[in-house]
Amino acid sequence: SSETFWTTTGMFPQEFIIGFPKCVKISKVAIQCYLVRTLRIERSVSEDPVGFEQCIEKDLQHTEGQLQMEEFPLPEFQATYLRFIIKSAFDHFVSVHRVMAEGT
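Rules used throughout
- Residues numbered from 1 in each chain as written.
- Predicted model: local features only at pLDDT ≥ 70, side-chain atom pairs only at ≥ 80, totals over all residues.
- Heavy atoms only, no water.
- Helix = DSSP H or I, 4+ residues; strand = E, 2+ residues; numbered from the N terminus.
- Buried < 20%, exposed > 50% of the residue type's maximum accessible area, 1.4 Å probe, protein only.
- Contact = heavy atoms within 4.5 Å.
- Polar contact = N/O pair within 3.5 Å; in protein donor to acceptor, adjacent residues only side chain to side chain.

The name given to the chain in an unreviewed UniProt entry is IFT25 protein, with Rhynochetos jubatus as the source organism.

Next up, the structure:
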């Protein structure tokens, strides 16, 4: 829902994990967030959310008063879980409004 979002508790790093029903191939991840400075995306192919490896880490541009919309084209890889780590922010609190993963 575009009316809901996840917000941090004010200290960093903060993280959340998205799980898929089975291992999938992902070619692109997109995120809509607010006031995120540095974001890392990791993946796991385990049946449980363990054994993560880094996929990408990026400094996002500050967009005052607007959502940040970032796309991460990735070489096709498999994942059962994606972990998003917000390493730093432009303010004490940030929000994540939407995460999309494309693939098969």
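More follows now that the structure is in view.
### What to know about the environment of Glu 57
With respect to the helices, strands and loops of the structure, Glu 57 is situated in strand E4 (residues 53-59). A relative accessible area of 32% means that Glu 57 is categorised as partly exposed. Residues Glu 57 and Lys 87, spaced 30 residues apart in sequence, show a C-alpha to C-alpha distance of 9.4 Å. Setting aside residues up to four positions removed in sequence, Glu 57 forms contacts with Thr 38, Leu 39, Arg 40 and Lys 87. Within polar-contact distance, the side chain of Glu 57 engages the side chain of Arg 40 at 2.9 Å. For Glu 57, the side chain forms a polar contact with the side chain of Lys 87, separated by 3.1 Å.

### Quick word on the environment of Ser 88
In this structure, Ser 88 sits in strand E5 (residues 68-89). In the structure, Ser 88 is positioned 48 residues away from Arg 40 in sequence and 10 Å away in space, judged by C-alpha atoms. Reaching out from Ser 88, the side chain makes a polar contact with the side chain of Thr 38 at a distance of 3.0 Å.

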